[in-house]
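Commentary on secondary and tertiary structure
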Amino acid sequence: MKIFHLSAECYPIAKVGGLADVVGALPKYQNDNGEESAVIMPFYKNPFTTTHNFSAVFEGHVHLGNTSYPYQILKTSEVSLGFEVYFVAIDALLNTPFVYSENDIDRFLAFQIAALDWILTLKQFPNILHCHDHHTGLIPFMTQECYKYEALNKIPVITTIHNAQYQGWMPYEHLHKIPPFNMEHIGLLDWDKVINPLAAAIKCAWRVTTVSPSYMEELKQNANGLEQLLAHESGKAVGVLNGIDTEVWNPETDDYIIENYNATTVAAGKKANKKWLCKRFNLDEEKPLVAFIGRLVGEKGAELLPEVFHKVLQQEVVNILLLGSGHQDTEEQLSQLRANYSGNYNVYIGYDEKLSHIIYAGADFLLMPSRVEPCGLNQMYCLRYGTVPVVRRIGGLKDTVVDINDNGFGICHDDVTVSDIAYAVHRALEFYNDTVQFQANRTFIMSIDHSWKTSAKTYINLYNSINQQHYD
Ligand SMILES: Nc1ncnc2c1ncn2[C@@H]1O[C@H](COP(=O)(O)OP(=O)(O)O[C@H]2O[C@H](CO)[C@@H](O)[C@H](O)[C@H]2O)[C@@H](O)[C@H]1O
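Residues numbered from 1 in each chain as written. Predicted model: local features only at pLDDT ≥ 70, side-chain atom pairs only at ≥ 80, totals over all residues. Heavy atoms only, no water.

1. Considerations on the side chain of Asp403
Looking at the secondary structure, you find Asp403 in the loop between α15 (395–400) and β17 (411–413). Here the side chain of Asp403 touches Cys412 through a polar contact of 2.7 Å, landing on its backbone nitrogen. Polar contacts involving the side chain of Asp403 include one to the side chain of Arg427, which spans 2.7 Å. If sequence neighbours within four positions are ignored, Asp403 has contacts with Arg393, Gly408, Phe409, Gly410, Ile411, Cys412 and Arg427. (Helix = DSSP H or I, 4+ residues; strand = E, 2+ residues; numbered from the N terminus. Polar contact = N/O pair within 3.5 Å; in protein donor to acceptor, adjacent residues only side chain to side chain. Contact = heavy atoms within 4.5 Å.)

Encoded structure:
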């Protein structure tokens, strides 16, 4: 089966968050299952694209209304990611050092149209188009409705929702940029009187998936305005839990971390990584280390963290280390807190892939007090590195972490409040002091299998079930 994943991000080429991790791993595991899975993504100007050579497999012009942009489909043979990547290079719009910007309506519309224009020219069409998030949300609509893509309308299109908070809204003044279609069907694009690419994808895709089963249920109650639509389309929707790339995220072979380890050597391995972190960030290596990694936004409960940290650092014997960036206010408050708790608290404001690996390896606990968490990968990474997750029971966190009081291995809490989060940290630290249990738990959590093996197969079964239905 020939599968094209369409996405704005793909690790290690361009990563802003978890979307990249998924699109950089799922195709590889699908190929391991004997499929032919590839990625189509924009060509940005970033460390990956500037250090590799590319050759053009196609050249054309993409039209956005009356404006025409030259574009190429590029490939590189210099690196093997376990799947083929086709880059849509539209210099005037996409060749930027960033993935997302103010001009995203034109950028991602042009990306989607150029990708479909190229697919139209292929001798062998893909059997599945798998679209990720709203940046590719108009593809299910365009293949079904636009006259020029009629030849593609038999190809099943899947949309995976990684995050329904962002929907790609466009005012109607952009309508003329979408290739012509029967205007009687304009309602498919609409949600609340604007063009809503995520809503259009939910309406037009042959199947809709979310990145965990719990998130699928939660979206029917809380989907940033799309609740009714999701409830209405639930017959074709299913939650498939993300996996993790166990080749990239493996403490035994990870090149980023200070000392490699496995379940047998976990105590010494984690100690060496923690020692490095404590030296680098002026922390006390004798105390337990609680870490946070992620985007500093409301969804992650980030604006509560300064107060949570203040409370915890006053009451507990602990170190706290945060890696992240996002809302400026939160960044500033988190940075200011350093003055009060020097020696036990530090933050790194920014994005640093290597540092994130060392933190997963060196921390004792990873905090995720998310308001919304469609799946969450951090808790699965930390488990693999023997770090205990402290999470709110929501979305994918609920599906992957069981509290120690329920015969589980993590710490869970229900509310996103300063006191609930601080109490969860308190429970975590009590657990830390139960040395024997804590060490045994470390070894156990490293053995939990969250690899893509199962979920990659689930997606393949889903594709097969559509193809089966289609040809019956
Ligand atoms: N400052 C920083 N420096 C280095 N690395 C950093 C970093 N901030 C974040 N990361 C990394 O980015 C990834 C974040 O993944 P998540 O799944 O937690 O979140 P995200 O909300 O982006 O993804 C959305 O899509 C994914 C994939 O489907 C869902 O799991 C998730 O719930 C949904 O919100 C992890 O690899 C993490 O280590």
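After presenting the structure, the write-up continues.
2. Some thoughts on the domain arrangement of the chain
The domain boundaries assigned to the chain delineate domain 1 (2–244 + 453–471) and domain 2 (266–449). When the buried surface of domain 1 facing domain 2 is broken down by residue, Ser214, Glu218 and Ile244 rank first, second and third, together holding 29% of it. Inspection of the region where domain 1 meets domain 2 yields one salt bridge. We note a salt bridge from Lys15 to Glu353, for which the minimum N-O separation is 3.2 Å. Inspection of the domain 1/domain 2 interface yields nine residue pairs in polar contact (both at pLDDT 80 or more). Counting residues per element, the ones that place at least two in the side of domain 1 that touches domain 2 are α1 (18–23) and α8 (213–219). Sort the elements by how many residues they give to the side of domain 1 that touches domain 2 and α8 lands first, with four residues. By residue class, the composition of the side of domain 1 that touches domain 2 is nine nonpolar, eight polar and three charged. (Domains from an automatic or database assignment. Buried area = accessible area lost by both parts, 1.4 Å probe. Salt bridge = Lys/Arg side-chain N within 4 Å of Asp/Glu carboxyl O. Nonpolar A, V, L, I, M, F, W, Y, C, P; charged D, E, K, R; others polar.)

3. Some remarks on the nonpolar core
By size, the foremost hydrophobic cluster in this structure holds 85 residues, and its most contacted members are Phe309, Tyr345 and Ile359. The element contributing the most residues to this core is helix α16 (residues 418–433), with eight residues. Counting only domains with at least three residues in this core, you end up with domain 1 (2–244 + 453–471) and domain 2 (266–449). Setting aside residues up to four positions removed in sequence, Ile359 forms contacts with Leu277, Ala291, Ile293, Leu321 and Leu323. Of all hydrophobic cores here, the second largest spans 62 residues; its members include Tyr69, Ala115, Ile155 and Leu189. (Core = buried A, V, L, I, M, F, W, Y, C linked by side-chain atoms within 4.5 Å. Buried < 20%, exposed > 50% of the residue type's maximum accessible area, 1.4 Å probe, protein only.)

4. Overview of helix α7 (residues 197–204)
Burial of α7 is extensive: eight of the eight residues sit out of reach of the surface. Buried within α7 we find Pro197, Leu198, Ala199, Ala200, Ala201, Ile202, Lys203 and Cys204. Where the residues of α7 are buried, they touch α6 (139–145), β7 (157–161), β8 (190–191), β9 (194–195), β10 (207–210) and α9 (227–232). Among the residues of α7, the N-terminal cap falls to Asn196, whose side-chain oxygen and the backbone nitrogen of Leu198 are separated by 3.1 Å.

5. So, the UniProt feature "domain: Starch synthase catalytic" (unreviewed entry) in the chain
As annotated in UniProt, the feature "domain: Starch synthase catalytic" (unreviewed entry) corresponds to residues 2–231 in the numbering used here. The span residues 2–231 carries 29% helix and 24% strand; its end-to-end C-alpha distance comes to 31 Å. (UniProt positions renumbered as here; feature names shortened; annotations may be inferred.)

6. Description of the site of the ligand
Neighbouring the ligand are 28 residues, the closest being Asp21, His162, Arg295, Glu373 and Gly376. With respect to the ligand, the side chain of Arg295 contributes an N or O atom lying 2.7 Å from an oxygen atom. Counting residues per element, the ones that place at least two in the shell around the ligand are α1, β12 (289–296), β13 (319–326), α13 (353–362) and α14 (378–384). The dominant element in the shell around the ligand, judged by the number of residues it contributes, is α1, at four residues. A breakdown of the residues in the shell around the ligand according to their chemical character gives 11 nonpolar, 11 polar and six charged. (Near = heavy atom within 4 Å.)

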